[in-house]
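Residues per chain are reported as follows:
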Amino acid sequence: MASEPQGGLTEYIQHHLHHNVVSLGDGDFMKIHLDSLVVAFVLGALFCLWFWLKARKATSGVPSKGQAFVEIIVEFVDTQVKDTFHGDRRTVTPLALSIFMWVTFLNAMDLLPLDLPSWTVHTAAGEEVAHHTFFRWVPTADINTTIGLALAVFFIVLAHGMKAKGTLGFGKELITAPFHAEGVVAKIILAPFNLALNVIEYLSKPVSLAMRLFGNMYGGELVFMLIAGLFAGWISFLPGVLFNTAWAIFHILIILLQAFIFMMLTIVYIATAREHH
């Protein structure tokens with residue numbers, strides 16, 4: 001790889017792994033990935049618009065195919081929440097639905113052609129501009145996106161825990177569980193260990209959510225890039241088409257499964273946070 005600094009599959013993959021970065025100031029913390037933000041915002045708006053239009057036109061009679069499809073999704077998510085979360089679902093079900101659909105939309109961008117953004121820029125502005133223009137449109141293959149989603153879930157889980165137990169009760173549980181004690185001295189001795197275990201447990205939740213989703217989608221994106229290298233020659237073109245089709249069909253399962261896992265773990269974390277030890 002080091003002997004091939006320019007051209008070939010190496011440069012192709014490196015180009016497609018670059019984000020469209022916008023600097024807001026000095027330092028890495030002042031840089032944003034504009035492509036991930038734009039795509040995530042547009043897809044989130046499309047999801048909201050789609051469901052709002054179907055809800056606005058919903059009828060109590062024979063539903064249209066579009067309304068029936070949306071109702072199937074909503075009922076499916078509500079069933080998962082009902083089986084996992086035994087409490088007031090009025091806020092949990094909409095949250096689970098939003099997570100499932102939004103993450104599905106974000107993941108599904110991996111099924112679109114890798115070179116479509118580059119081809120669009122190349123057609124509109126020429127090869128030189130396209131060579132220096134970067135745009136990755138799979139937001140969940142960006143660790144910043146998955147961390148953002150996971151942190152949002154993390155703070156929602158904390159809010160549910162505080163709402164169910166009260167701020168003082170939630171804080172008390174951090175130092176009195178899972179190791180319970182009767183005497184004051186024993187409670188003081190066990191408090192640091194309880195706090196450490198609870199902090200590790202709570203912090204591991206957003207880390208596992210973010211890394212699992214990112215790892216699967218980043219790996220899937222890399223496979224598509226490697227398969228794209230087969231299209232460079234006439235001999236490997238047909239195998240490339242076959243491999244690309246097979247991986248795309250299999251990747252649909254990964255897209256839906258990762259969205260489902262992210263949703264289910266969120267519901268489980270919320271249900272666990274509201275339990276009293």
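Residues numbered from 1 in each chain as written. Predicted model: local features only at pLDDT ≥ 70, side-chain atom pairs only at ≥ 80, totals over all residues. Heavy atoms only, no water.

1. Let's talk about the overall build of the protein chain
Secondary structure summary: the protein chain contains 10 helices and 2 strands in total. Counting from the amino terminus, the protein chain carries its helices and strands in the arrangement α-β-β-α-α-α-α-α-α-α-α-α. The principal-axis extent of the C-alpha atoms belonging to the protein chain is close to 75 × 60 × 40 Å. Counting the 277 residues in the protein chain, one finds 35% classified as buried. Contacts spanning at least 24 positions in sequence make up 69% of the contacts within the protein chain whose residues lie at least 6 apart. Approximately 16,400 Å² of the protein chain is accessible, and the part contributed by carbon and sulfur atoms is 71%. (Helix = DSSP H or I, 4+ residues; strand = E, 2+ residues; numbered from the N terminus. Buried < 20%, exposed > 50% of the residue type's maximum accessible area, 1.4 Å probe, protein only. Contact = heavy atoms within 4.5 Å. Areas by Shrake-Rupley, 256 points an atom, 1.4 Å probe, with all protein chains shown as cover.)

2. Some remarks on the pattern of salt bridges
Enumeration over the complete set of coordinates arrives at 4 salt bridges. Asp78 is the partner of Arg89 in a salt bridge, and the nearest nitrogen-oxygen pair spans 3.1 Å. In this pair, Arg89 is assigned in the loop between helix H3 (65–84) and helix H4 (92–108) and Asp78 in helix H3, connecting sequence segments 11 residues apart. The exposure class assigned to Arg89 is partly exposed, which follows from its relative accessible area of 29%. Between Lys165 and Glu173 there is a salt bridge, with its nearest N and O atoms 2.5 Å apart. (Salt bridge = Lys/Arg side-chain N within 4 Å of Asp/Glu carboxyl O.)

3. Observations regarding a nonpolar patch on the surface
Residues Leu34, Val38, Phe41, Val42 and Leu46 make up a contiguous nonpolar surface patch of roughly 440 Å² in combined accessible area. Tracing the chain through its elements places Val42 in helix H2 (residues 34–56). (Patch = residues over 30% accessible without salt bridge, like charges linked within 9 Å, V, L, I, M, F, W, Y side chains within 5 Å.)

4. Considerations on the confidence of the model for the protein chain
When pLDDT is averaged along the protein chain, the result is 88, and 96% of the positions lie at 70 or above. Per-element confidence in the protein chain ranges from a low mean pLDDT of 78 for helix H6 (residues 127–131) to a high of 96 for H4. Segment residues 1–6 is flagged for pLDDT under 50; beyond a separation of four residues in sequence, or across chains, it makes 4 contacts in the model. (pLDDT = per-residue confidence, 0-100.)

5. Things to note about H4
The α-helix advances 3.6 residues per turn, and as a result positions three or four apart in sequence lie on the same side. In a regular helix each residue adds 1.5 Å, so 17 residues correspond to 24 Å; H4 covers 24 Å between its end C-alpha atoms and thus fits that length. For H4, the buried fraction is high: 13 of the 17 residues fall into the buried class. (Expected span 1.5 Å × (residues − 1).)

6. Some words on empty space enclosed by the protein
Applying the stated criterion across every chain yields a total of 2 cavities of 30 Å³ or more. Together, 16 residues line the largest cavity, and His16, Leu114, Ser118, Phe135 and Arg136 are the ones closest to its centre. Listing elements by their share of the lining of the largest cavity, those giving two or more residues are helix H1 (8–16), helix H5 (116–125) and helix H9 (184–228). If one sorts the elements of the lining of the largest cavity by residue count, H5 sits on top with 3 residues. Taken together, the residues of the lining of the largest cavity sort by class into 9 nonpolar, 5 polar and 2 charged. Reported here for the second largest cavity is a volume of approximately 40 Å³. Around the second largest cavity, the lining residues are Leu209, Arg212, Leu213, Gln258, Ile261, Phe262 and Leu265. (1 Å grid on protein atoms, 1.4 Å probe; cavity = no way out; pocket = protein on both sides within 12 Å on 5 of 7 lines; lining within 4 Å. Points joined across faces, edges and corners; volume = space filled by probe spheres on them. Nonpolar A, V, L, I, M, F, W, Y, C, P; charged D, E, K, R; others polar.)

7. Here's the deal with the packing of helix H7 (residues 143–165) against H9
Relative to each other, H7 and H9 sit at 150 degrees, their axes nearing to 8 Å. The handedness of the crossing between H7 and H9 is right-handed. For the pair H7 and H9, contact is made by Ile143, Thr146, Ile147, Leu149, Ala150, Val153, Phe154, Val157 and Leu158 and by Tyr202, Leu203, Pro206, Leu209, Ala210, Met211, Leu213 and Phe214, respectively. Along the lines of polarity and charge, the residues of the contact of H7 with H9 split into 16 nonpolar, 1 polar and no charged. (Axes fitted to C-alpha atoms, helices over the stretch in contact; angles between N-to-C directions. Left-handed = near helix turned anticlockwise from the far one by under 90°.)

8. Re the side chain of Gln67
Secondary-structure assignment places Gln67 in helix H3. Ignoring anything within four residues of it in the chain, the contact list for Gln67 reads Lys54, Lys57, Ala58 and Thr59.

9. What about the packing of aromatic side chains?
Scanning the model with the defined rule gives 11 aromatic pairs in all. Aromatic side chains Trp247 and Phe250 sit 5.4 Å apart centroid to centroid with 40 degrees between the ring planes, which places their arrangement in the tilted category. Of the two residues, Trp247 and Phe250 both sit in helix H10 (residues 234–273), 3 residues apart, roughly one turn of that helix. Cluster of aromatic residues (ring-pair linked, three or more members): Phe47, Trp50, Phe51, Phe69 and Phe105. Against the face of Tyr202 rests Lys205, its NZ or CZ located 4.7 Å from the ring centre. (Phe/Tyr/Trp six-rings, centres within 6.5 Å; stacked < 30°, edge-to-face > 60°. Lys NZ or Arg CZ within 6 Å of the ring centre and 35° of its normal.)

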